[in-house]
Every structure is written in C-alpha cells, then in structure tokens.
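# Structure assessment
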Amino acid sequence: MSNNLELLKRIKSGDRHALSRALTLAAQRESADEFRESLAGASRGVVVAITGSGGVGKSSLIGKLIEHLRRGDQRVAVLACDPQSPLTGGALLGDRIRMSPAEVDPGVFIRSLSTAAGGQAIVPNLDVMIELLFAFGFDAVILETVGAGQGDTAVRDLADVLILLLQPESGDELQWEKAGLLEVADIVSVNKSDLPGAEAMQSQIAAQLNLPGCREIPVVRTSPSRNEGIAELWELALSLAKGKPHG
Ligand SMILES: Nc1nc2c(ncn2[C@@H]2O[C@H](COP(=O)(O)OP(=O)(O)O)[C@@H](O)[C@H]2O)c(=O)[nH]1
Ligand SMILES: [Mg+2]
C-alpha cells in the first residue's frame with residue numbers, strides 16, 4: 001500500500017496526526033491526485049465559505065459558528081486562507097478562554113493555509129483537503145477566505161454556500177459591487193451589526209440585490225461580539241445548501 005493510502009486508512013480510523021500530515025501532502029500534486037482518486041464518490045458534509053475583506057469579522061464569526069455547532073454535537077473543521085492573519089484556535093475563540101477548546105476538543109480542527117504569492121484567494125488542491133476532512137468524519141467544513149477577486153469563483157465552486165460579510169459604513173459594498181462580486185454570494189451578512197448603520201445597510205443591499213426576476217439573495221445581520229444572528233445564519237446556510245445540487 002502506498003504511503004498515501006496508508007494515511008487515508010489512518011484518517012478514517014480517526015488519527016488526527018495522519019489527517020494533519022495528509023493535508024500538508026495534499027499541497028503536492030502527486031499526493032493530491034492519489035487522494036482525489038481514492039476519495040472519489042465518498043460521502044460529504046456541508047461546505048460553507050465565509051468571505052469578506054480583512055477585519056470584517058470572519059474569524060470572529062467562525063469562532064461563534066464553531067461554538068454553535070459544538071453545542072449541537074456537530075464536528076467542524078476550518079480551513080483558513082488568510083495570508084494576513086493566520087488563524088489559531090486562540091484567535092478564533094477569543095482570549096477569554098485561556099486554554100483554547102479548539103486545541104483540545106476532538107470535534108474541532110483548524111488549519112491555516114498560506115496562499116503563497118500572487119494574492120490568490122485560495123490554495124491549490126483545496127478540494128482534496130476538504131475531502132480529507134470529510135473522510136476523517138467532520139460534519140461541516142468552513143472555509144475562511146479574503147475576497148480578493150479571482151479566487152472567489154473557485155471558492156464558490158468548492159463551497160455549497162458562500163456567505164459574504166460586509167460591515168456597516170465601510171464602503172466595502174461599493175468595492176464588491178464594482179467588481180461584480182456582490183452577486184456571487186448566496187447570503188450577504190452585515191456583520192458587526194452592533195455598529196451604527198447596520199440596519200440601513202441591510203435594507204439598502206437587499207433592495208439593490210433583490211430585483212424582480214433575479215435570484216433571491218438573503219441579506220441578514222450578524223454580530224459575533226454579541227453572539228447575535230449566528231444560529232440563524234447557520235440554519236439559513238444549511239437550508240440553501242440542501243437546495244443546491246453538488247457533486
Ligand atoms: N463591533 C464589533 N466588532 C467586532 C465584532 N466581531 C468582531 N469584531 C472585531 O473586528 C476585528 C476583526 O475581527 P476578525 O474576526 O479578526 O476579522 P477577519 O479579518 O475578517 O477575520 C476584531 O478586532 C474583532 O474584535 C462585532 O460583532 N462587533
Ligand atoms: Mg481572519
């Protein structure tokens with residue numbers, strides 16, 4: 001048996017070190033191809049992408065989503081493609097927790113991926129990494145990506161649901177709109193909804209996106225700090241994921 005197949009076997013038996021090693025190997029084409037071939041047709045859980053500019057609160061929101069999912073006994077993995085702020089369990093779950101549960105909770109797995117040069121929003125072979133996580137037994141995979149253009153369409157292909165985060169009075173929505181990317185989202189959330197202008201922004205974007213005859217894009221509000229709208233956002237994402245055909 002090849003090393004890669006041996007690793008896969010260990011992954012399926014719940015070996016986290018094997019998973020970690022395989023994720024690293026998956027960056028190389030040969031290993032990626034072998035994993036891809038062995039895992040073809042395997043069952044998978046839901047993949048949700050969280051996209052938005054740096055500082056919009058993606059990691060904070062993901063931290064709250066993890067807490068929500070763990071309360072429901074769902075196992076969740078996060079792949080973060082953010083060159084600016086590498087993700088750690090501590091960063092996700094806040095410094096109020098001294099020993100990060102993400103490090104000790106076997107139902108949570110977090111991996112930061114460096115997106116090398118070129119400003120690409122995602123790394124190569126991300127599809128294989130997702131399959132490896134599902135082979136291990138995670139119920140959900142969350143992708144954190146900085147919406148930087150090109151990569152977004154790739155992320156959209158990999159994810160069942162793409163959530164775009166904006167924050168009140170950031171002027172961000174204009175930038176997204178100009179790039180024609182507001183519409184690639186399945187859900188838009190005005191994050192940090194505790195800040196002034198959140199409701200106005202929500203209605204403005206909703207009016208702008210949901211013109212007659214167009215695909216309906218829900219526009220919601222979330223606040224990681226206040227833990228508001230988190231469970232609702234996840235339920236909405238799941239309901240949209242179900243309605244989407246995916247291979
Ligand atoms: N006002 C407010 N700030 C928040 C909220 N959630 C996160 N932040 C802050 O926004 C900043 C960026 O958060 P982070 O999650 O790292 O953003 P990311 O770069 O998109 O991953 C941090 O200083 C957070 O404390 C919120 O609900 N309200
Ligand atoms: Mg982040």
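Counting starts from 1 at the beginning of each chain's written sequence and moves along it residue by residue. Here every chain gets a letter starting at A, and every ligand a number starting at 1, in the order they are written. Totals for whole chains, interfaces and linings use every residue, but because this is a predicted model, local features are given only for residues with pLDDT of at least 70 and side-chain atom pairs only at 80 or more, for both listing and counting. The side-chain numbers reported here are obtained from all heavy atoms of the structure, hydrogens and water having been left aside.

Moving on: the overall build of the protein. Along its length, the protein carries eleven helices and seven strands. Buried residues are those whose accessible area, probed at 1.4 Å on protein chains only, stays under 20% of the maximum for their type, while exposed residues exceed 50% and partly exposed ones sit between those limits. When the 247 residues of the protein are sorted by exposure, 50% land in the buried category. Long-range contacts, defined here as pairs at least 24 residues apart, represent 76% of the contacts in the protein between residues at least 6 apart. As displayed, the protein offers around 11700 Å² of accessible surface, 50% of which is attributable to carbon and sulfur atoms. Secondary structure follows DSSP: runs of H or I at least 4 residues long count as helices, runs of E at least 2 residues long count as strands, and numbering of each begins at the N terminus. Contacts are assigned to residue pairs with any non-hydrogen atoms lying within 4.5 Å of each other. Per-residue accessibility takes into account occlusion by the displayed protein chains alone, with areas from the Shrake-Rupley method and a 1.4 Å probe.

Next up on the list: helix α2 (residues 16–25). Among the residues making up α2, those that are buried are Ala18, Leu19, Ala22, Leu23 and Leu25. Down the axis of α2, the smallest arc covering the buried residues is 160°, so these residues share one side. Buried residues belonging to α2 abut α1 (3–12), α3 (29–39), β3 (108–112) and α7 (126–136). For α2, the capping residue at the N-terminal end is Asp15, with a side-chain oxygen 2.9 Å from the backbone nitrogen of His17. Within this analysis, the arc is defined by the directions that extend from the helix axis to the C-beta atoms. Whenever a nitrogen or oxygen atom comes within 3.5 Å of another N or O atom, the pair is scored as a polar contact, on the condition that within protein one atom can donate a hydrogen and the other can accept it, and that pairs from neighbouring residues in sequence are kept only if both atoms are in side chains.

Another point: the nonpolar core. Nonpolar side chains tend to gather and get buried jointly when the protein is soluble and globular. Residues Ile11, Leu19, Phe35, Leu126, Leu132, Leu133 and Leu143 are the most contacted members of the largest nonpolar core, which totals 50 residues. Leave out the neighbours within four places in its chain, and Leu132 touches Leu8, Ile11, Leu19, Ala22, Leu23, Ala26, Phe35 and Leu39. Side-chain atoms within 4.5 Å link the members of a nonpolar core, which is a set of buried Ala, Val, Leu, Ile, Met, Phe, Trp, Tyr and Cys residues. Listed in part, the 24 residues of the second largest apolar core include Val48, Val56, Leu61 and Ile187.

Attention now moves to the site of ligand 1. If you check the shell around ligand 1, you find 15 residues, and the closest are Gly55, Lys58, Ser60, Asp194 and Ser225. Glu144 is positioned with one of its side-chain polar atoms (N or O) 3.2 Å from an oxygen atom of ligand 1. Burial of ligand 1 by the surrounding chains reaches 69%, relative to a free accessible area of 580 Å². If one sorts the elements of the shell around ligand 1 by residue count, helix α4 (residues 58–71) sits on top with three residues. Residue classes follow a fixed rule: Ala, Val, Leu, Ile, Met, Phe, Trp, Tyr, Cys and Pro count as nonpolar, while Asp, Glu, Lys and Arg count as charged, and any other residue, Gly among them, counts as polar. Along the lines of polarity and charge, the residues of the shell around ligand 1 split into three nonpolar, eight polar and four charged. Here a residue is near a molecule or strand as soon as one of its heavy atoms is found within 4 Å of it.

Here Leu132 lies in helix α7. The exposure class assigned to Leu132 is buried, which follows from its relative accessible area of 0%. Separated by 106 residues in sequence, Leu132 and Ala26 place their C-alpha atoms 9.1 Å apart.

Next up on the list: the pairing of strand β4 (residues 140–146). For β4, the tally of buried residues reaches seven of seven residues, placing the bulk of the element in the interior. Note on pairing: two strands pair once DSSP finds at least 2 bridges between them. When strand β1 (residues 46–52) meets β4, the two strands line up parallel, connected through seven bridges. In the strand pairing of β4, Ile50 is matched with Glu144.

Attention now moves to the sheet that holds β1. By way of backbone hydrogen bonds, the strands of a sheet pair with one another, either parallel or antiparallel. An order of β3-β2-β4-β1-β5-β6-β7 is seen for the seven strands of this open sheet, with the pairing classed as parallel. Strand pairing shows two members of the sheet lacking a second neighbour, β3 and β7 (219–222), which therefore form its edges. Geometrically, the sheet is characterised by an average inter-axis angle of 20° between neighbouring strands, direction not taken into account. Here strand β2 (residues 76–81) runs beside β4; their pairing, made up of six bridges, is parallel. Its bridge partner lying in β4, Ala80 is registered against Glu144. Axis lines are fitted to C-alpha atoms, over the contacting stretch for helices. Their N-to-C directions set the angle, which ranges from 0 to 180 degrees. Against the sheet, α4 makes contact with β1, β2, β3, β4, β5 (161–166), β6 (187–191) and β7, and its axis sits at roughly 175° relative to β4, the strand it touches most.

Here the focus is the coordination of the magnesium ion (ligand 2). Excluding water, the donors of a metal are its N, O and S neighbours within 2.8 Å, or within 3.2 Å for Na, K and Ca, and that exclusion means sites may look incomplete. Bound to the magnesium ion (ligand 2) are the protein donor atoms Ser59 (OG) and Glu144 (OE), situated 2.1 to 2.2 Å from the metal. Within this pair, whereas Ser59 is found in helix α4, its partner Glu144 is found in strand β4, the two being separated by 85 residues in sequence. For Ser59, a relative accessible area of 16% puts it in the buried group.

A few words on the packing of α3 against α7. The interhelical angle for the contact between α3 and α7, taken along N-to-C directions, is 50°, at an axis separation of 10 Å. The orientation of α3 with respect to α7, classified from their angle, is oblique. Handedness of the α3/α7 crossing: left-handed. Here Ala32, Phe35, Arg36 and Leu39 of α3 come into contact with α7, specifically with Asp127, Val128, Glu131, Leu132 and Ala135. In what follows, roughly perpendicular refers to angles from 65 to 115 degrees, roughly parallel to angles under 35, roughly antiparallel to angles over 145, and oblique to any angle outside these ranges. Crossings are classed by handedness, with left-handed meaning an anticlockwise turn of the near helix from the far one by less than a right angle and right-handed meaning a clockwise turn.

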